[in-house]
Each structure stands twice: as C-alpha cells, then as structure tokens.
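Listed below, chain by chain, are the residues.
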Amino acid sequence: MTSAVEDTIRSVVTKGVEAIAGINRRRQDEDKPHRFLTGIHTPMHEERTLTDLAVTGTIPPELSGRYVRIGPNPFKPDPRGYHWFVGDGMVHGLRLRDGKAEWYRNRYIRSQELEGEGGPKAAPGPRRNKNDGVNTNVIQVAGKTLALVEAGSFPVELSDELESIAYSDFGGGLKGPFTAHPHEDPLTGELHAITYDAMTPDTVWHVVIDRTGKVLRELAIPVKNGPSIHDLTITAKYVLIFDLPVTFSMRALIGGAQFPYRWNPEHGARVGLLPRDGAAEDIVWCEVDPCYVFHVANSFDREDGKVVVDLDVYDSMFDGDGQGPTGKSRGFERWVLDPATGGMERLTIDPAPQEFPRPDERFFAQDYRYAWAIGLPTHNPVFLGEQPLYRHDLVTGEQTAHHFGPGKVPGEFVFVPRGADAPEGDGWMMGYVIDTTNETTDLVILEAADMAAEPVARVHIPHRVPPGFHGNWLAD
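Because the structure is predicted, anything quoted here is derived from the model rather than measured.

**Student:** Let's hear about the overall build of the protein: which residues, and what values?
**Tutor:** A count of helices and strands for the protein gives three helices and 33 strands. Dimensions along the principal axes, computed over C-alpha positions, put the protein at roughly 60 × 60 × 45 Å. Counting across all 476 residues of the protein, residues that qualify as buried make up 57%. Counted over contacts in the protein with a minimum sequence separation of 6, partners at least 24 positions apart contribute 60%. Within the structure as shown, the protein displays about 19,000 Å² of accessible surface, and the carbon and sulfur contribution to it stands at 49%.

Here it is, written out as structure tokens:
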C-alpha cells in the first residue's frame, strides 16, 4: 500500500478539498426536489418488525432462509450534492420457513456517519476512513452475513435478524478497499473481487477470499484516472477487469457532488484478462468501444481459448445531472474476447433495455444456458419502472417475460434452485415489487422456468420498500 508520508500528504489535501466541496454544496438549493429522494425513492423513517404477514398463494416449503436486499435510505435527506448511490444503508429482509413468512425487518447499517447524523449508535469494528456508509449488497461468507459497499468501507457483519454486529476486515487480512460486487466460484468456494478507491486513482486491486473468510490475495493493478469498477467476472482461467470511461472527477467533487464519478470518454474502454493466479504484467487488455457496464450475467472459457462474457451495456453513464444513473441502454450483449490477439467481438443478445442480470449461480464461471434480468424503461428519470422480468434461453435464443401489471415496479430478482442437485434453471425467482397505487410491496416468488405463469406466492408487506440495489437469498 502507500507510505506514511504519502498518507499524510493525501490526508491534508483531502481535508482541503472536502472543505471547499462542503462550501459549494451548502450553496445549492436545499428545497429543490430530487428525483431519488421523492416518489418511489422516498426514504423510510423508521425501523419495523412485522410478524403477521399475509400471503397469496403457497410459499414452497423447500425455501428455508432469508431474502435480504439493501439500498440507500438517507436518515436526514438533503438534496444538495446527493446521489442515489450514497444514502445511508438500510437492509430489508423476509424470513421464510416451513411454508410461512415468519417476519419482515428493516434495519439501518449502524455507521459512524449515521450516528453523526443523530441516528443509532455505531457498530464497533475497524474503519478504513470516516466514510463508513454501506448500502449496496448483502451476501454470506463463511457462514456470516455481510453487507457490502465499493470503494470505501469495510464490510459489516449482520445478525440473523439484520442488526449490525461489527465492521469486518476479515480478521485483519484486508488491507485496502473492498467491493459491493464480489463473485464466488462455485467449484472452489473462492470469492473474487476487483476493488478501487477514489484516493488512489492509479491502482485497483484483485482480492481473493477463501471459503473460510481468509484473504488470500490483494494484487495491485496499475490504471489511470481512477475508474469506477462496480462488477467483475471470472472464468476457470481468468479474472475480467472492466476499465471503462467512468472515472473520478475532481471538478464534480469540488462542486459539491457526493458521488464524484463522471463519464470520461477520453479515458478509453478496455477489458483486462488477468490469469487467476497471474501478476499485473500478465494481463491481456482487450480494447472496447466506449461504453459502460454495471453488471455481468456470467462468463466462461470457450474450447478455442476465447472468453465469453454476457452483460448489460450502456452507451454512456453519469453524463447527466449527477443525481443518479443516466445513459442509454444497449440491452443485453455477448462479448467474445481473444487473449491471443487482444481482439473482441460484440454481439447483441437482446436490444431491450434491462439491468440486474442473474444466472443460476451454481453455474457461474461455466458455460451456461439461462439468464434473467429486469427490464428498464426508456428515459425514466428514476431508473426503474413498470417493466417485466426477462428470461433468456441462450441455447435456443428464446426470450420470455413475466409482466407484473400496471403500477408494479420490480427490483432485482434472484434465482433460487429447487435443490442442490436440481438441473440448471429448475427453481424460483424472487424479488421485491412495489405497488405504486397502494404504496405497498410484495416479495414475489415465480417459477423460474415459466415466466408466463402466475406467481407461486406473494408475501405482502404493508408499506413501500424503497428501490434498493442488490438482494440475495441467504439459505439456512
């Protein structure tokens, strides 16, 4: 990492920049409506525990665990400089067991930032810096439930009831930043991440954690301009690094932006193929036309040595008002990368705008057949809308969809297999769906193989769960 002298210089400069940014932020109009603080994005103001939840349909008795999703929920909403990605983290979870919905809970992540705003007392544990908000993903690692964010805080361990236990640096093994979007290799149990930090714009890191929660690797990789890298993906041979033209913007930061990343076409676009145990100098960089990617469905090695990756793509991103995601979706694409030449081929699977692609995770980093993704409305200022859940059969090319109905806004859906040995795609899709008419939310459970069918079950939550980012089924 950096030397003590470098850290001191960076700290002094950072404090000066933050002071100027704070002045410029306070000059902005605090009464101006913000599209990610109003409407379906209006924050909740209390933590709730509900046990008498109505259910339509039948919850499959095989489902024993918690569906948990996290997202931003500002404790004291202030539109000045606010971006959807930076609000205080809040988890929303439902426990299912024996065919019943036992409880719903929503809990703030107990950060020092939240306590400083007048919120609950902060959880203990190590901090990387004062920006310890966590709001983007919830996963299980070594039997522990962890809430994640990228480019900043260490993860936060949560209890089964979603209370913040402590911040975690994996027993002292994690020295640098972590990510909101690691991926597990189901064949090895290793968790892979590409991490970055705004204060170190010339470096990203490949981090590997084993199935026991031990950090095995923090490989520094040189880059330029401080790229924002939300996702990565892996194959049996490679780790894929998406170095795309959304980069740190000092101008945006000084202007008061709390999320200082902007579209920067001069940065260029490339995907790095890093051998799983290789060094930074072993990376093969494949040039790509300027675009941006939040999320990958899956990737795998082809028999001819080329690498296939399926992902949702945008022509640009963060080139608007700085309140949230902007940019035109190109739909669902397949990129074929050639490590022998550094070349790539770009194919369209489905041009319909869509996001949050998910596979059957048991087949991650392997050749696979099915992917699911939520549709995106065209030019919607609040990003999500009344769109379907798509199912892509990548063998036949067939696309089917589940339409939730008027006024229903779905978030990310996750695949849950019917059993450990079930065939690929045999199971359920589940996720939260907002009813904008009644200001309520359902956890909707669908047959993954039959998008046209009515939901298997809908668990009714009597309030609106604001749109969040990532959710997962955390099996018992």
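Continuing now.
**Student:** Any chance you could break down the sheet that holds strand E14 (residues 233–234) for me, citing the residues and the numbers?
**Tutor:** Ordered by their spatial adjacency, four strands build an open sheet running E14-E15-E18-E19, and the pairing between neighbours is antiparallel. The open sheet has two edge strands, E14 and strand E19 (284–287), and neither has a second partner. By the bridge criterion, two bridges tie E14 to strand E15 (residues 238–243) in an arrangement that is antiparallel. Residue pairing for E15: Thr 233 is matched across the bridge by Leu 240.

**Student:** Which residues make up the environment of Val 293, and what are the values?
**Tutor:** Relative to the assigned elements, Val 293 resides in the loop between E19 and strand E20 (296–301). Note: C-alpha distance between Val 293 and Lys 100 (193 residues apart in sequence) is 38 Å. Once residues lying within four places of it in the same chain are set aside, the contact partners of Val 293 are Leu 244, Leu 311, Asp 312, Val 313 and Trp 335.

**Student:** Can you lay out the pattern of salt bridges for me, pointing to particular residues and giving the numbers?
**Tutor:** In the structure shown here, the tally under the stated rule is 28 salt bridges. A salt bridge links Asp 393 to Arg 369; the shortest N-O distance between them is 2.9 Å. With a gap of 24 residues between them, Asp 393 in strand E26 (residues 389–393) and Arg 369 in the loop between strand E24 (354–359) and strand E25 (370–375) connect regions that are remote in the sequence. Classification of Asp 393 by relative accessible area gives buried; the value is 5%. Here Arg 369 falls in the partly exposed class, since its relative accessible area comes to 29%. The partner of Arg 418 in a salt bridge is Glu 447, with the nearest N and O atoms 2.8 Å apart. Here Arg 418, found in the loop between strand E29 (414–417) and strand E30 (427–435), pairs with Glu 447, found in strand E31 (residues 440–447); they are 29 residues apart in sequence, far enough to count as distant. What makes Arg 418 partly exposed here is its relative accessible area of 30%. Each of the salt bridges in this network shares a partner with another, and the network as a whole consists of Glu 47, Arg 107, Arg 110 and Glu 163.

**Student:** Just give me the short version of the sheet that holds strand E6 (residues 137–141), but keep the residues and values in it.
**Tutor:** Ordered in space as E6-E7-E8-E9, the four strands form an open sheet in which the pairing is antiparallel. The open sheet has two free edges, formed respectively by E6 and strand E9 (164–167), since each of these has just one partner strand. Averaged over neighbouring strand pairs, the angle between their axes works out to 35 degrees when direction is ignored. Sheet analysis places strand E8 (residues 156–158) next to E9, joined by three bridges and oriented antiparallel.

**Student:** Describe the side chain of Asp 210, naming the residues involved and giving the relevant values.
**Tutor:** Within the fold, Asp 210 resides in the loop between strand E12 (203–209) and strand E13 (215–222). Within the buried set, Asp 210 has no salt-bridge partner at all; the shortest N-O distance to an opposite charge, 5.8 Å, is to Lys 214. Every residue in contact with Asp 210, bar those within four places of it in the chain, is listed here: Gly 189 and Leu 216.

**Student:** An account of the nonpolar core is requested, with residue identities and associated values reported.
**Tutor:** Among the nonpolar cores identified, the biggest contains 59 residues, and Ile 221, Leu 240, Phe 242, Val 309, Leu 311, Trp 335 and Leu 337 are the most heavily contacted of them. Among the elements of the structure, strand E11 (191–196), E13, E15, strand E16 (246–248), strand E18 (270–275), strand E21 (307–314) and strand E22 (329–338) are those that each provide at least two residues to this core. Counting 24 residues, the second-largest nonpolar core is a separate cluster that includes Ile 59, Leu 94, Val 416 and Trp 428.

**Student:** Talk me through the layout of surface pockets; I want residue IDs and the actual numbers.
**Tutor:** Estimated volume of the second largest pocket: approximately 920 Å³. Lining the second largest pocket we find 37 residues, and of these Glu 184, Arg 358, Glu 361, Asn 472 and Trp 473 sit closest to its centre. Of all the elements in the fold, those that place two or more residues in the lining of the second largest pocket are E6, strand E10 (183–184), E20, E24, E29 and strand E33 (471–475). Residue composition of the lining of the second largest pocket, by class: 20 nonpolar, eight polar and nine charged.

**Student:** I'd like a description of unusual backbone geometry, backed by residues and values.
**Tutor:** Of note in this structure, Phe 383 is not a glycine but carries a positive phi near 75 degrees. For Phe 383, the location among the structural elements is in the loop between E25 and E26. Non-glycine residue Glu 439 carries a positive phi angle of around 55 degrees. Assignment of secondary structure puts Glu 439 in the loop between E30 and E31. Since its relative accessible area comes to 37%, Glu 439 is described here as partly exposed.

**Student:** If you had to explain the pairing of E22 to someone new, which residues and values would you point to?
**Tutor:** Counting buried residues in E22 gives eight out of ten residues, a clear majority hidden from the surface. For E21 and E22, the ladder comprises eight bridges, and the chain directions are antiparallel. Bridging from a neighbouring strand, Tyr 314 pairs with Ser 329 of E22. Taken together, the seven bridges between E22 and strand E23 (residues 343–350) define a ladder with antiparallel strand orientation. By the bridge assignment for E23, Glu 333 is matched with Thr 348. The turn joining E22 and E23, which pair antiparallel and follow one another in sequence, is formed by four residues; a positive phi near 75 degrees is taken by Gly 342.

Reading the values: the criteria
- Residues numbered from 1 in each chain as written.
- Predicted model: local features only at pLDDT ≥ 70, side-chain atom pairs only at ≥ 80, totals over all residues.
- Heavy atoms only, no water.
- Helix = DSSP H or I, 4+ residues; strand = E, 2+ residues; numbered from the N terminus.
- Buried < 20%, exposed > 50% of the residue type's maximum accessible area, 1.4 Å probe, protein only.
- Contact = heavy atoms within 4.5 Å.
- Areas by Shrake-Rupley, 256 points an atom, 1.4 Å probe, with all protein chains shown as cover.
- Pairing = 2+ DSSP bridges.
- Salt bridge = Lys/Arg side-chain N within 4 Å of Asp/Glu carboxyl O.
- Axes fitted to C-alpha atoms, helices over the stretch in contact; angles between N-to-C directions.
- Lys, Arg positive; Asp, Glu negative; His and termini not counted.
- Core = buried A, V, L, I, M, F, W, Y, C linked by side-chain atoms within 4.5 Å.
- 1 Å grid on protein atoms, 1.4 Å probe; cavity = no way out; pocket = protein on both sides within 12 Å on 5 of 7 lines; lining within 4 Å.
- Points joined across faces, edges and corners; volume = space filled by probe spheres on them.
- Nonpolar A, V, L, I, M, F, W, Y, C, P; charged D, E, K, R; others polar.

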